[in-house]
Amino acid sequence: MEKMRATVFRGKDQIQIEEVERPHAGVGEAVIRVTLTTICGTDLHIVRGEYPVREGLIIGHEPVGVIVELGPGVHGYKTGDRVLVGAITPCGQCRACLSGDLSQCGGGEDYQALGGWRFGNTINGAQAEYLLVPHAQANLAKIPDELADEQVVLLADIASTGFSGAESGQVRIGDAVVVFAQGPIGLCATAGAKLMGAALIIGVDGDENRLQMARRMGCDVVLDYRECDVVSEVKKLTGGGADVAIEALGTQQTFESALRSLRPGGTLSSLGVYSGKLQIPYDAFAAGIGDDRIITTLCPGGKERMRRLMEIVRRGRVDLTPLLTHTFSLDQIVEGYSLFGERRDGVLKVAIKP
Ligand SMILES: NC(=O)c1ccc[n+]([C@@H]2O[C@H](COP(=O)([O-])OP(=O)(O)OC[C@H]3O[C@@H](n4cnc5c(N)ncnc54)[C@H](O)[C@@H]3O)[C@@H](O)[C@H]2O)c1
Ligand SMILES: [Zn+2]
Ligand SMILES: [Zn+2]
């Protein structure tokens, strides 16, 4: 039996590198040798026991690699091809996928909430030497030769998610946009708002280092929520309220502030993962008759999404490499988790090299 090293979840606050069985490709599947991956904020939720996955699961959902095995029924690829695979791996065949709701993929016939998120959630994930890719025909995106792994790894999840905050919010040319939180997701939402043609982008955070990066990613103004009344500042800067407010943290406070920052008829585009109860005070959304829109989005995946995002990088529209602040080998991943989890040393994202 061939073995590989992988990051295995063993219960709350317990992850470790283990020798496990190497996967092989069945019908419609592929195996890639992972050449670069990273750690997501959602992986922290998993390790901290805040998002349940089964013990023994290999975690991680942001893979770049080289095809080493193709199962029957996967066409148009060969071993040795470099590929990017999205965090979300839709089947491309079910009712959800064919209706355009790829992230809520049912895999078989129907819809399943969050069903498109498989890696490191319902099946083994990417923080390993090898990764089994399901529904490979719909999910292997070839990487253009001129792009390095480091230029595309963040497209699998955080950039796809962050950009989608601006896309789902339907940012229009000339809009004023406020982005609540400038972590990796919020920073990519900022970049997304810029790509969509916003005239004014306001970034909110409380971390000096992140506010600085926010400017670099496209914010015209940054607000430190610890030092000002963000909602009234946004109202002042926008002359009455933002057209679109993007929530990129997942708390009652930021959700509510995002809603209160909108102009009448504005859009709240929510990306954060919430827990417990989320409340909407009646005055924050004009008692329900303010023509506001509230929209939520799970990271878009699939090979066409990845191709489009790689095109944006290849054409020089955006550069995400400044967000990759640290590098660890797979064997050092536990150290990587601790640095990332404690946000030490100005960390934004860590590159993990198997
Ligand atoms: N929708 C999706 O598909 C999807 C995908 C990945 C992650 N997420 C979620 O997105 C959220 C953000 O992820 P991340 O990795 O960027 O998180 P992160 O923890 O790295 O960053 C959060 C940022 O919020 C800032 N912050 C804290 N309190 C704040 C406040 N009151 N106002 C403004 N900023 C504040 C922090 O300083 C930090 O910079 C998480 O909830 C994560 O689970 C969603
Ligand atoms: Zn993620
Ligand atoms: Zn599907």
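Use the structure listed above.
Residues numbered from 1 in each chain as written. Chains lettered and ligands numbered in written order. Predicted model: local features only at pLDDT ≥ 70, side-chain atom pairs only at ≥ 80, totals over all residues. Heavy atoms only, no water.

Q: Go over the coordination of the zinc ion (ligand 3), please, and point to the residues and values.
A: Surrounding the zinc ion (ligand 3) are the protein donor atoms Cys-91 (SG), Cys-94 (SG), Cys-97 (SG) and Cys-105 (SG), at 2.3 to 2.4 Å. Geometry at the zinc ion (ligand 3) is tetrahedral, judged from its four donor atoms and the angles of 100 to 118° they form at the metal. All donors to the zinc ion (ligand 3) come from one chain, and their sequence spacing reads C-x2-C-x2-C-x7-C. (Donors = N, O, S within 2.8 Å, 3.2 Å for Na, K, Ca; no water. Tetrahedral: all angles 85-135°; square planar, octahedral: opposite > 155°, others 65-115°.)

Q: Provide a residue-level description of the coordination of the zinc ion (ligand 2), including the pertinent values.
A: Binding of the zinc ion (ligand 2) to the protein goes through Cys-40 (SG), His-61 (NE2) and Asp-157 (OD), at separations of 1.7 to 2.2 Å. Considered as a linear motif, the donors of the zinc ion (ligand 2) on their single chain read C-x20-H-x95-D. In this pair, Cys-40 is assigned in the loop between strand E3 (30-38) and helix H1 (41-47) and Asp-157 in the loop between helix H4 (149-152) and helix H5 (158-168), connecting sequence segments 117 residues apart. Each member of the pair, Cys-40 as well as Asp-157, is classed as buried. (Helix = DSSP H or I, 4+ residues; strand = E, 2+ residues; numbered from the N terminus. Buried < 20%, exposed > 50% of the residue type's maximum accessible area, 1.4 Å probe, protein only.)

Q: Account for the site of ligand 1, naming residues and giving values.
A: Neighbouring ligand 1 are 24 residues; Asp-205, Leu-249, Leu-271, Thr-297 and Cys-299 lie closest to it. Here an oxygen atom of ligand 1 and a side-chain polar atom of Arg-343 are 3.3 Å apart. Relative to its unbound accessible area of 880 Å², ligand 1 is 89% covered by the protein chains. When contributions to the shell around ligand 1 are tallied by element, the ones reaching two or more residues are H1, helix H6 (184-195), strand E9 (200-205) and helix H9 (252-260). (Near = heavy atom within 4 Å. Polar contact = N/O pair within 3.5 Å; in protein donor to acceptor, adjacent residues only side chain to side chain. Areas by Shrake-Rupley, 256 points an atom, 1.4 Å probe, with all protein chains shown as cover.)

Q: Go over unusual backbone geometry with me, naming the residues and quoting the values.
A: Positive phi outside glycine occurs at Ala-181, with the angle close to 90°. Within the element layout of this structure, Ala-181 appears in the loop between strand E8 (176-180) and H6. Taking the relative accessible area as the measure of exposure, Ala-181 reaches 10% and is therefore buried. If you check the backbone angles, Asp-345 has positive phi at about 60° while not being a glycine. Inspection of the secondary structure puts Asp-345 in the loop between helix H11 (333-341) and strand E15 (349-353). Using a relative accessible area of 60% as the deciding quantity, one classes Asp-345 as exposed.

Q: Outline the packing of H5 against H6, listing residues and values.
A: Viewed as axis vectors pointing N to C, H5 and H6 meet at an angle of 50°, and their least axial separation amounts to 7 Å. With respect to H6, the axis of H5 lies oblique. Crossing handedness for the pair H5 and H6: right-handed. Counted together, Ile-158, Ala-159, Thr-161, Gly-162, Phe-163 and Ala-166 of H5 and Pro-184, Ile-185, Cys-188, Ala-189, Ala-191, Gly-192, Ala-193 and Leu-195 of H6 form the full contact between these two elements. Looking at side-chain class alone, the contact of H5 with H6 contains 11 nonpolar, three polar and no charged residues. (Axes fitted to C-alpha atoms, helices over the stretch in contact; angles between N-to-C directions. Parallel < 35°, antiparallel > 145°, perpendicular 65-115°, else oblique. Left-handed = near helix turned anticlockwise from the far one by under 90°. Contact = heavy atoms within 4.5 Å. Nonpolar A, V, L, I, M, F, W, Y, C, P; charged D, E, K, R; others polar.)

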